[in-house]
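# Reading the structure
What follows is the residue order along each chain.
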Amino acid sequence: MKLNEIQDLIKFVSKSGVNEVELETKEIKIVIKTGKQNGPVMVQAAPQMMQAAPTQMVTAAPVANPTPVTETKATPTPTNTGADESKYITIKSPMIGTFYRSPGPDKPSFVNVGDEVNAGKTVCIIEAMKLFNEIESDIKGKIVKVLVNDATPVEYDQPLFLVDPN
Amino acid sequence: MLTLSKFALTNKINLFGLMATLFIGQNKVFLPETDSTNSYAISLLKNVNCPEGTVVYTHHQTAGRGQRGNSWIANPSLNITLSLVVKPNFLAPKNAFYLSKITALALYDVLTEILENSQFDIKIKWPNDILVNRKKIAGVLIENSFHEQHINWSVIGIGLNVMQTEFGLLANSVTSLSLLGNTASNPDSVSEKLFVFFEKWYLKLKQNKLMEIDEQYHAHLFGIHQSMRFKQDTEEFNARIKGVSEQGLLQLIHENGEEKSYDIKTLCFVM
């Protein structure tokens, strides 16, 4: 684990409001205790005397760079809803399921009309057979229209949002 | 005698520690208390990332979630409440339901190994609950993240009743390993087994052995080829279970011979 990853973890734990987190990998064991809710964060890191792992594969995969996500190319969508919408891009459903705009009942929507979204921003959940699928935007832009009502069924490839990429 | 049995026990644990898994459970995050291990795992993925196989577990889940709006209640330290992080980028979105199938099969294998005796009827209830003698012992809640039409990551939340013996109003429909007479198991020992079996099935999925997964899932499916009672909206009816489709729909043959597939949102078992 790299130093900056440990720092990120400490920040994350101290923000999350839990009192104690224990993280154990092949190389290292970290205990992070937060004193009070806003108190200082203590870290005890102890290198572990572990037997050599039988194969190289056993070691955990390196933690990827936490900064999200590479810029991605957008799919221009032919729309027949008028000329001024042709510059907009759609976010489509990757599956059949039920469309939800919020993470749960009584929770605020992931995005609303007028919101700026980046690639990697969660815009909705499609629930399919008890699988809850967070759908991320693969484009940067402003939400101009939500094309589906909350808690209604959607088809594969159905457009969900109109996004203005400018 | 004492020394010998102590030695044997230690030896077994060491062996297990070495042999257990390649990646599932190699990276563990323990939370003494959390609202939901799934939510925490998702925050980890979004804020600091974490490697495939990471397990987030707790002894006290205060707001565990079942299907949207339902809750999962577990007593502190008695049961398994954990989330597995995997990154099945190889899996086509249309095959996402196979994550449900392999999780159910891993739980089936764990329980089959622990409850050796044939008096236990262990079944997978569509889509992925586990029943022992028609009572629920385990439940699964899976949350995936999609980006550019493929799966970024999947957080597989698993609740399994181990040592809890009081279920109050649910006593008629819920059970635990202790209630089934297995008092030797504890949440940690069962979790270790679960990691092994989950990894086995996950690697089969990675190798695209969908047919084998389907065969095994159907072989242990509660009510398959039998006439069962169902409820849709307010109407109850009998139908025979033909199977579960690739997308996870329950395929029924009605008494008039008509075949129809059902979504979990519209159909429930009348038990």
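Above this text is the structure in question.
Quick look at the structure, then. (Residues numbered from 1 in each chain as written. Chains lettered and ligands numbered in written order. Predicted model: local features only at pLDDT ≥ 70, side-chain atom pairs only at ≥ 80, totals over all residues. Heavy atoms only, no water.)

## Some words on the nonpolar core
Using the following cut-off: Here, the term nonpolar core denotes a set of buried Ala, Val, Leu, Ile, Met, Phe, Trp, Tyr and Cys residues that are joined through side-chain atoms within 4.5 Å. Each residue is placed in one exposure class: buried if its accessible area under a 1.4 Å probe, protein chains only, is under 20% of its type's maximum, exposed if it is over 50%, and partly exposed if it falls in between. It only takes one pair of heavy atoms within 4.5 Å for two residues to be counted as in contact.
Judged by nonpolar contacts, the single largest core of 87 residues is most densely connected at F161 of chain A together with W126 and F230 of chain B. Residues in contact with W126 of chain B, not counting those within four places in the same chain, are M129 of chain A together with Y217, L221, V244, G248, L249, L250, Y262, D263, I264, L267 and F269 of chain B. With 14 residues, the next largest nonpolar core counts F12 of chain A together with L45, C50 and V155 of chain B among its residues.

## Considerations on the environment of V244 of chain B
Residues and elements named next belong to chain B. Let me state the cut-off plainly: Helix and strand labels come from DSSP, where a helix needs a run of H or I of at least four residues and a strand needs a run of E of at least two; each type is numbered from the N terminus.
Within the secondary structure, V244 sits in strand β11 (residues 235–244). On the basis of relative accessible area, V244 is assigned to the buried category, the value being 4%. For the pair V244 and H218, spaced 26 residues apart in sequence, the C-alpha separation works out to 7.6 Å. The residues touching V244, leaving out its near neighbours within four places in the chain, are F97, K101, W126, Y217, H218, L221, L249, L250 and Q251.

## Some details on the packing of helix α4 (residues 187–206) of chain B against helix α5 (residues 210–219) of chain B
Angle between the axes and distance between the axes: these two values describe a pair of packed helices. Residues and elements named next belong to chain B. Under the convention used in this document: Orientation is described by axes fitted as lines to C-alpha atoms, over the contacting stretch for helices, and by angles from 0 to 180 degrees between their N-to-C directions. Oblique is the label for any angle not covered by the other classes, which are roughly parallel (under 35 degrees), roughly antiparallel (over 145) and roughly perpendicular (65 to 115).
Contact geometry for α4 and α5: axes closest at 8 Å, N-to-C directions at 135°. Looking at the two axes, α4 sits oblique to α5. Note on element contacts: α5 touches α4 through L210, E212, I213 and Q216, opposite W201, K204 and L205.

## Observations regarding the sheet that holds strand β10 (residues 227–232) of chain B
All names here are of chain B. The following threshold applies: When DSSP finds two or more bridges between a pair of strands, those strands are recorded as paired.
Reading across from one edge, β13-β12-β11-β10-β14 is the order of the five strands in this open sheet, with antiparallel pairing throughout. This sheet does not close on itself; its edge strands, each paired only once, are β13 (259–262) and β14 (267–269). Across the sheet, the mean angle separating the axes of adjacent strands is 50° when strand polarity is ignored. Pairing between strand β12 (residues 250–254) and β13: four bridges, direction antiparallel. By the bridge assignment for β13, L252 is matched with K260.

## Digging into the pattern of salt bridges
Our working rule: Salt bridge criterion: a side-chain nitrogen from Lys or Arg within 4 Å of a carboxyl oxygen from Asp or Glu.
Under the defined criterion, the tally for this structure stands at 11 salt bridges over all chains. With a shortest N-O distance of 2.9 Å, K265 of chain B and E127 of chain A are connected by a salt bridge. Of this pair, K265 of chain B sits in the loop between β13 and β14 while E127 of chain A is found in strand β7 (residues 122–128), placing the two residues in two different chains. For K265 of chain B, a relative accessible area of 39% puts it in the partly exposed group.

## Topic: the pairing of strand β9 (residues 150–160) of chain B
Residue and element names in this part refer to chain B. The element β9 is largely enclosed, with a buried count of nine among its 11 residues. Bridge analysis of strand β5 (residues 80–86) against β9 gives seven bridges, and the strand direction is antiparallel. Bridging across to β9, L82 finds its partner in I158. Remark: two residues form the turn of the hairpin made by strand β8 (residues 135–147) and β9, two consecutive strands paired antiparallel; E148 in that turn has positive phi of roughly 55°.

## A word on unusual backbone geometry
Residues and elements named next belong to chain B. Look at the link from W126 to P127: it is a cis peptide, with omega at -5°. Structurally, P127 can be placed in the loop between β6 (122–125) and β7 (129–132). Positive phi, close to 60°, is recorded for N49, a residue that is not glycine. The residue N49 is located in the loop between α2 (37–47) and β2 (55–58) in this model.

## Description of the packing of aromatic side chains
Residues and elements named next belong to chain B. What counts here: Each Phe, Tyr or Trp ring (for Trp, its six-membered ring) is paired with any other whose centre lies within 6.5 Å, and the angle between the two planes then decides the class: stacked below 30 degrees, edge-to-face above 60, tilted in between. We count a charge as sitting over a ring when the NZ of a lysine or the CZ of an arginine lies within 6 Å of the ring centre and within 35 degrees of the ring normal.
Within this structure, the stated rule accounts for nine aromatic pairs over all chains. Between the aromatic rings of F30 and Y57, the centroid separation amounts to 5.1 Å while the plane-to-plane angle is 50°, which identifies the pairing as tilted. Linking F30 in strand β1 (residues 28–31) with Y57 in strand β2, this pair joins segments that are 27 residues apart in sequence. Accessibility expressed as a relative area gives 14% for F30, which makes it buried. Taken together, a centroid distance of 5.0 Å and an interplanar angle of 45° make the contact between F230 and F269 tilted. Separated by 39 residues along the polypeptide, F230 in strand β10 and F269 in strand β14 bring together distant segments of the chain. Comparing F230 with F269 shows no difference in burial state: the two are buried. Aromatic rings pair up to connect F222, F230, F237, Y262 and F269 into one cluster. Over the ring of Y217 we find K101; its NZ or CZ atom is 5.4 Å from the centre of that ring. When the ring centre of W201 is taken as reference, the NZ or CZ atom of K204 above it lies at 5.7 Å.

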